Amino acid sequence: MPPAETVDLLAIAAHRDDVEQTCGGTLLAMQARGWKTGILDLTRGESGTRGTTAEREAEANEAARILKVSVREALDLPDGNVQNTFENRMKIAAALRRLRPRVVILPYWEGRHPDHYTTATLGYEACFVSGLAKVDTGEAGAPHRPFKILYASLYADVRPTFAVDITPFVEERFQSLMAYRSQYATRAEGGGLFVPEEEIRERTFAMARHCGLLAGVRYAEPFVQKEIGLIDDLMMLPVASI
Ligand SMILES: [Zn+2]
């Protein structure tokens, strides 16, 4: 993907295919509204059971095309060992100063996989230091702090703060996940570790449908924000109560 381009919305995730699972529909929905979107993957997937790093890069680029993002980059943090270190905060801050997003999406801060919950804190702290004028990331780029940080909570056992209606984009989002043929295509190798495509389809649609039901639409993706919501006009509040 061509660099030297800024984005309005940046999704930061530990692994290639995380964004596709947790907020790909939202990226499509925001792109359809005219916002420029991007993805920053922290690792390159070298520890995966299936597929080479090169194969996964090609798949990630295909997924990026389906998600219509302007930019997709991958850092070189070790897959399976994402740590919140000074060096890693600087790597992410350098990307933030270059891409200059107003809104950043991070994974939720609790979860099963350490890379996911570590990325939440690492990403937040990188957003903070990226705004400090005296911090030198070692790369060009004026200080920049995103205005808003959101946490994609699809896999978290937590009540979302809000949801994004992804009904028109749910099929494309699924296709972006299926772009990872080495991971999700029905194959013998890897055995019981990998679930067949049909089951992934059922699972992703069921989760989006469940979130949609909570929000009064067909399919939706859930998010948590730490701030409270601010409303000007009570008459414009969406989602019926009864
Ligand atoms: Zn992951």
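Calculation rules
Residues numbered from 1 in each chain as written. Predicted model: local features only at pLDDT ≥ 70, side-chain atom pairs only at ≥ 80, totals over all residues. Heavy atoms only, no water. Helix = DSSP H or I, 4+ residues; strand = E, 2+ residues; numbered from the N terminus. Rg over C-alpha atoms; globule rule 2.2 N^0.38 Å. Buried < 20%, exposed > 50% of the residue type's maximum accessible area, 1.4 Å probe, protein only. Contact = heavy atoms within 4.5 Å. Areas by Shrake-Rupley, 256 points an atom, 1.4 Å probe, with all protein chains shown as cover. Lys, Arg positive; Asp, Glu negative; His and termini not counted. Charge placed at Lys NZ, Arg CZ, Asp CG, Glu CD. Phe/Tyr/Trp six-rings, centres within 6.5 Å; stacked < 30°, edge-to-face > 60°.

Chemist: An account of the overall build of the protein is requested, with residue identities and associated values reported.
Modeler: A tally of regular secondary structure across the protein gives 8 helices and 7 strands. Over its C-alpha atoms the protein spans a radius of gyration of 18 Å, differing by no more than 12% from the 18 Å that the globule rule assigns to 242 residues. With respect to the three principal axes, the spread of C-alpha positions in the protein is 55 × 50 × 30 Å. Among the 242 residues that make up the protein, the fraction classed as buried is 48%. Of the contacts made within the protein by residues no fewer than 6 positions apart, 80% connect residues no fewer than 24 positions apart. Of the roughly 12,400 Å² of accessible surface on the protein, a fraction of 55% belongs to carbon and sulfur atoms. Measuring between centres, the 28 positive side-chain charges of the protein sit 3 Å from its 33 negative side-chain charges.

Chemist: Mind laying out the packing of aromatic side chains, listing which residues take part and the relevant values?
Modeler: Scanning the entire structure with this criterion turns up 5 aromatic pairs. Between the aromatic rings of Trp109 and Tyr151, the centroid separation amounts to 4.8 Å while the plane-to-plane angle is 90°, which identifies the pairing as edge-to-face. Of this pair, Trp109 sits in the loop between strand S4 (103-107) and helix H5 (114-130) while Tyr151 is found in strand S5 (residues 148-152), placing the two residues 42 residues apart along the sequence. Their ring planes at 65° and their centres at 5.9 Å tell us that Phe174 and Phe205 sit as a pair that is edge-to-face. You can see Phe174 sitting in helix H6 (residues 170-178) and its partner Phe205 sitting in helix H8 (residues 197-215), a full 31 residues away along the chain. Accessibility classification places Phe174 together with Phe205 in one group, the buried group. Pairwise contacts between aromatic rings join Tyr108, Trp109 and Tyr151 into one cluster.

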